[in-house]
Amino acid sequence: MEHSYFFITMIYLAAAVVFIPIAKKLGLGSVLGYLLAGVVIGPSLMGFIGSEGQDLMHFAEFGVVMMLFLIGIELEPALLWNLRAPILGLGGLQVLLTTAAVAGLALLLGQPLNAALALGMILSLSSTAIVLQSLKEKGQLSSAAGQSAFSVLLFQDIAVIPMLAVFPLLAGSSQGSDHSESSLRDNLPAWGQTLVVLGAVVVIVVAGRYLLRPLLRIIAATRVRELFTAFSLLLVVSISVLMSLVGLSPALGAFLGGVVLANSEYRHELESDIEPFKGLLLGLFFMAVGASIDFRLILSMPWVILGLVVGLMALKALILLGLGKIFKISIEQNLLFAMALSQVGEFAFVLLSFSNQNNILPQATVSILTAVVAISMALTPLLLLAYEKLVQPRFSVQSPDNTREADEIQEKHPIIIAGFGRFGNIVGRFLRVNGVKATILDLDSDRVDALHNLGVKVYYGDAARRDMLESAGAADAKVIIVAMDTVEQTLEVVRVVRKHFPHLQMLVKAENIPDTFELMDLGVLHIYRETLDTSLRMGADALQMLGIRAYHAYRNAGTFRKQDEKAMKGLSAIRDDKKLYINTVKERIEELEKLMSGERTTRFNPSGLGWDEQSLIDEARQEEE
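Computed from a predicted model, the values in this text were never measured in an experiment. (Residues numbered from 1 in each chain as written. Predicted model: local features only at pLDDT ≥ 70, side-chain atom pairs only at ≥ 80, totals over all residues. Heavy atoms only, no water.)

Here we come to a nonpolar patch on the surface. A grouping of L93, L97, I326 and F327 is seen on the molecular surface, where their side chains present a nonpolar patch of about 350 Å² in accessible area. One can find F327 in the loop between helix 15 (302–326) and helix 16 (331–340). (Patch = residues over 30% accessible without salt bridge, like charges linked within 9 Å, V, L, I, M, F, W, Y side chains within 5 Å. Areas by Shrake-Rupley, 256 points an atom, 1.4 Å probe, with all protein chains shown as cover. Salt bridge = Lys/Arg side-chain N within 4 Å of Asp/Glu carboxyl O. Helix = DSSP H or I, 4+ residues; strand = E, 2+ residues; numbered from the N terminus.)

Put into structure tokens, the structure is as follows:
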């Protein structure tokens, strides 16, 4: 039955509205929710969408194009250069080793050399869309595994360009071409097709550097918001069209265009305009992947396809584990790194189609591999969920230094300090000189030994372990100060304390605003950003050097801190809505400037030598309010 596009649109939107909240409620994440929605409404189950699914897949891939454009625009060339070691080292080795391993197995199974090489390159790629989205939702993107995965994915995305340039050479002169879409490369020899590809890349780089910036200034000067939005979309669509004309992946062109514009003064405006379209189309892409899974083919040869999926994901995971060990990633993070990247990515659909058009791979092989790729992508959110529920807890209760047992604690105090680095050290010393004793736990064995030599009693142990906290007297203590070295360690301690020792008042160190938001989500009430008070004290000292009285300077610093902490609570709830977040931040800045302007007109103690009685009374009243 043929359906109108309005009906199909209604079905997709309804499926998203129904399945995403259910998936989020079950802790599965939005990506798996989209995939399940696609399976349910697809031809294999309810059949709301059918033959038009492949056409919709091409449209939905535009969400991946936009995502890579936004990734590119956040990566300044200087940052890419600084990340060259993990990108080229970790990413390059992953692609080379996986390509070699898969191609070798394909040769053993009787595939010709050109088909084996094509299979190796196609299956070496992972899903940028699913991995980044899933890691972001689970707060793992800034972890060691998240950063390593990002480096590998970035190299893979870039590597697709030379892969597409090499594929015509694999086809050879004797191979026919069944292109369903014409491109500028048609009827050109292999070396000519390669030159066309490289030429298109050069055009994007040159145009982005010397043509787009003046155009953006002209568009911005009109001050018509929707015109800038239209131009943002036109920019991404134009790059996609150019890439399609030369037979390249539009997503790679969009990524390259984003990198070229990363230093542009309009990058934030471009991001905020494209973000809503990207989110919607990316969800559509995930649903289209779910709908494209051919269950009839799977049921006709279940063990073959299941064996290919499991074998391929296991092979990629083993290679990734080996590389993670070489690059000194911890065991826990290395497992997450390997599980996150073990699937095959969305670019495989493009490369499989391209291989079939160039007669490198037969249609039967392409059909089987399409099912394998889609299933591996659908399994990834489940693997990450299994890691979160089964693997991560096992490591959170183990000491990271297997050569040293945790110390036996023989004292109990009302305060426990978890982490005695530069931050916790100062807090502990301050409490000590004020006659308050604390039980101190730290994970750095060298630091513990050094402090023992100075006569400071610090116990080696992991504060994220329930038994360690019990030994430290958490059941009877009143306060725990969490000052761990990393965000991940801090979050683990907070979760354990909330679950097993809810009576403890937590004072928690945060490094920056994103960390503050994560801690707020966990219900932490007392959060201390590492540089906030020091920065304000420096600013107050600078005001005094300009002749501002001490009371005025430090009172304004206190006002700034209170207003900033108040603003954090409101911003935490809207941080996922980038446009609303930016607008609210601007409003808060204006409000704070007006408030501080009023402070400047207040009458202060004429002597400037101290705080007068009335000022102290007024300040106490403000604190109560």
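Turning our attention to the sheet that holds strand 2 (residues 438–442). The strand order across the open sheet formed by 6 strands is 3-2-1-4-5-6, and the pairing between neighbours is parallel. Two strands in the sheet have a free side with no partner beyond their single neighbour: strand 3 (459–460) and strand 6 (526–529). Alignment of strand 5 (residues 505–510) against strand 6, held across 4 bridges, turns out to be parallel. Residue pairing across strands places V508 opposite I527, the latter belonging to strand 6. Contacts between helix 22 (residues 487–500) and the sheet are confined to strand 1 (415–418), strand 4 (479–482) and strand 5, with strand 5 contributing the most and set at about 170° to the helix. (Pairing = 2+ DSSP bridges. Contact = heavy atoms within 4.5 Å. Axes fitted to C-alpha atoms, helices over the stretch in contact; angles between N-to-C directions.)

Turning our eyes to something else, we now look at the pairing of strand 4. Consecutive side chains along a regular strand alternate between the two faces of the sheet. Alternating residues of strand 4 divide into V479 and I481 and I480 and V482, and every residue in both groups is buried. Summarising the sheet, strand 1 and strand 4 pair through 4 bridges and their orientation is parallel. Its bridge partner being in strand 4, A418 is matched across the sheet by V482. Sheet topology note: the strand 4/strand 5 ladder contains 4 bridges and is parallel. Looking at the pairing, V479 lines up with Q505 of strand 5. For the segment spanning strand 4, helix 22 and strand 5, crossover handedness is right-handed. (Buried < 20%, exposed > 50% of the residue type's maximum accessible area, 1.4 Å probe, protein only. Right-handed = clockwise from strand over helix to strand, strands pointing away.)

Our focus in this paragraph is the pattern of salt bridges. Scanning all chains against the criterion turns up 3 salt bridges. Residue R466 pairs with E470 through a salt bridge whose shortest N-O separation is 3.3 Å. Of the two residues, R466 and E470 both sit in helix 21 (residues 466–471), 4 residues apart, roughly one turn of that helix. Given the relative accessible area of 42%, R466 is considered partly exposed.

It is worth spelling out the packing of helix 5 (residues 84–108) against helix 6 (residues 113–123) at this point. Interhelical geometry of helix 5 versus helix 6 gives an angle of 140° and a closest axis separation of 7 Å. Between helix 5 and helix 6, the angle is such that the two are oblique. Where helix 5 crosses over helix 6, the two elements pack in a sense that is right-handed. Seen from helix 5, the contacting residues are T98, T99, V102, A103, A106 and L107; seen from helix 6, they are L113, A116, L117, L119, G120, M121 and L123. The residue makeup of the contact of helix 5 with helix 6, split by class, is 10 nonpolar, 3 polar and no charged. (Parallel < 35°, antiparallel > 145°, perpendicular 65-115°, else oblique. Left-handed = near helix turned anticlockwise from the far one by under 90°. Nonpolar A, V, L, I, M, F, W, Y, C, P; charged D, E, K, R; others polar.)

Note that Q156 resides in helix 8 (residues 144–171). Side-chain polar atoms of Q156 contact the side chain of Q94, separated by 2.8 Å. The residues contacting Q156, other than those within four sequence positions of it, are Q94, V95, S124, L125 and S126. (Polar contact = N/O pair within 3.5 Å; in protein donor to acceptor, adjacent residues only side chain to side chain.)

Time to look at the nonpolar core. Ranked by size, the top nonpolar core spans 120 residues in total, and within it F69, F167, I305 and F337 carry the most contacts. Ranked by residue count, the leading element in this core is helix 8, at 14 residues. The residues contacting F337, other than those within four sequence positions of it, are L90, A145, S148, A149, V152, L320, G324 and I329. The next biggest cluster of nonpolar side chains, apart from the first, holds 31 residues, and it includes L441, A463, V482 and V508. (Core = buried A, V, L, I, M, F, W, Y, C linked by side-chain atoms within 4.5 Å.)

Buried residues dominate helix 7 (residues 128–137), accounting for 7 of its 10 residues. Here helix 7 has its buried residues at T128, A129, I130, V131, L132, S134 and L135.

For K328, which is not a glycine, the phi torsion comes out positive at approximately 60°. For K328, the location among the structural elements is in the loop between helix 15 and helix 16.

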